[in-house]
Protein chains: 2
Amino acid sequence: MAGIKMASELPSMTLKPIGIVRKGIKQAAVKRDWEKKVSDIIINTSLTEALDGLEEFSHIVVLYWMHQAVSGEVPLKIHPRGKQELPLLGLFATRTPNRPNRIGIATVRLLERQGNILRVEGLDAIEGTPVIDIKPYIPGYDSVANARVPPWITSR
Amino acid sequence: MAGIKMASELPSMTLKPIGIVRKGIKQAAVKRDWEKKVSDIIINTSLTEALDGLEEFSHIVVLYWMHQAVSGEVPLKIHPRGKQELPLLGLFATRTPNRPNRIGIATVRLLERQGNILRVEGLDAIEGTPVIDIKPYIPGYDSVANARVPPWITSR
């Protein structure tokens, strides 16, 4: 019956972009390519007021739609970053953009807010990416101490 | 012209649930009510294989659809947690569930994976919540050191 309950909620699960990434990276890449990259997030002007107070936070969490990822069916198992020497893993154990729902999340430094424009550092999103949510980064809620990760995460 | 570009991407921005929260909290509440709460995330069995390797991570990031939030137009400015004594802020400066796109994110401890069931601790999601993505929590990507937050965050 769970399937029926969930299906009934589908009609409301449609996303509307709230903004777009400008000066984004050129393509999905490795961390050194984006960690110091400065990008702008242009929020729809109808939502400018909804940003008030965000400048009090040093960091924000950006949710975006990975519009260049593969659409349709996605492979359930992959090698992280396409590297055959890394283990074959379920897609949910990785950060691949090719996911059932192509939402990316990135924690970035908020350098400046000017009206409807957020200037951020460290955004791993391609130029023209639709932005779907902005949240303040809250240590202790969004972070945990001493998290364990498998060895492949830190391999090059 | 940015508006036209973004509108053209709308058709693909539809979410499909990948699972559902069971043994979830009864209602949106304060942190002490959920930080030790043990919930189950039941992933659709067609996606079971896509979880392989997730058990190597101590923590995961759960993206879910806040199905009980207000639908339609949302207020752009609010008092966090409905408290009049807290400043009036833009919704994006808060974690209110009443957002243009009702996506919640929670970083939780992964206690156990059994097939398509993830048992987690600390999930701030109501019983029956549709789950839309699961990502491994990666310190340094998902966390930052010395983030600054405004004083109202820690007020009771």
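Shown above is the structure to which this text applies.
The paragraphs below set out a description of the structure included in this document.

Conventions used here
- Residues numbered from 1 in each chain as written.
- Chains lettered and ligands numbered in written order.
- Predicted model: local features only at pLDDT ≥ 70, side-chain atom pairs only at ≥ 80, totals over all residues.
- Heavy atoms only, no water.
- Salt bridge = Lys/Arg side-chain N within 4 Å of Asp/Glu carboxyl O.
- Helix = DSSP H or I, 4+ residues; strand = E, 2+ residues; numbered from the N terminus.
- Buried < 20%, exposed > 50% of the residue type's maximum accessible area, 1.4 Å probe, protein only.
- Pairing = 2+ DSSP bridges.
- Least-squares fit on C-alpha atoms with pLDDT ≥ 70 in both.
- Contact = heavy atoms within 4.5 Å.
- Axes fitted to C-alpha atoms, helices over the stretch in contact; angles between N-to-C directions.

## Some remarks on the pattern of salt bridges
Where charged atoms from two side chains of opposite charge approach closely, those side chains can pair. With the rule as written, the count across this model stands at 20 salt bridges over all chains. Residue Glu127(B) pairs with Arg22(B) through a salt bridge whose shortest N-O separation is 3.0 Å. Remark: Arg22(B) occurs in strand E1 (residues 19-22) and Glu127(B) occurs in the loop between strand E7 (117-121) and strand E8 (130-136); sequence separation between them is 105 residues. Notably, a salt bridge pairs Arg119(B) with Asp40(B), separated by 2.8 Å at the nearest N-O pair. Of this pair, Arg119(B) sits in strand E7 while Asp40(B) sits in strand E2 (residues 38-43), and the two are 79 residues apart along the sequence. Judged by its relative accessible area of 6%, Asp40(B) is buried. The structure contains a network of salt bridges with shared partners spanning Asp52(A), Glu55(A), Arg113(A) and Lys77(B).

## Remarks on the pairing of strand E2 (residues 38-43) of chain A
All names here are of chain A. Across four bridges, the pairing between strand E1 (residues 19-22) and E2 is antiparallel. Residue pairing for E2: Gly-19 is matched across the bridge by Ile-43. Bridge analysis of E2 against strand E7 (residues 117-121) gives five bridges, and the strand direction is antiparallel. When the bridges of E7 are listed, Ser-39 appears paired with Val-120.

## Points about unusual backbone geometry
All names here are of chain B. A positive phi angle is found at Lys-23, which is not glycine, with a value near 55°. For Lys-23, the position within the fold is in the loop between E1 and helix H2 (31-34). Its relative accessible area of 44% is what places Lys-23 among the partly exposed residues. Even without being a glycine, Asn-146 presents a positive backbone phi close to 55°. Structurally, Asn-146 is set in the segment after E8. On the accessibility criterion, Asn-146 (78% relative accessible area) is exposed.

## As for the relation of the copies chain A and chain B
Least-squares fitting of chain A to chain B yields an RMSD of 0.0 Å, with the transformation described by 0.0 Å of translation along the axis and a rotation of 180°. Here the copies are linked by what is in effect a two-fold axis. Minimal C-alpha separation from the rotation axis in chain A is found for Thr14(A), amounting to 2.3 Å. Interface overlap between copies: 100% of the residues of chain A at the interface are likewise at the interface in chain B, consistent with a symmetric, same-surface contact.

## Re the sheet that holds E2(B)
Residue and element names in this part refer to chain B. In spatial order, the strands read E1-E2-E7-E6-E3-E8; together these six strands close into a barrel with antiparallel pairing. Within the sheet, the average angular offset between the axes of one strand and its neighbour, ignoring direction, is 45°. Across five bridges, the pairing between strand E3 (residues 59-65) and E8 is antiparallel. Note that in E8 the partner of Ile-60 across the bridge is Pro-136.

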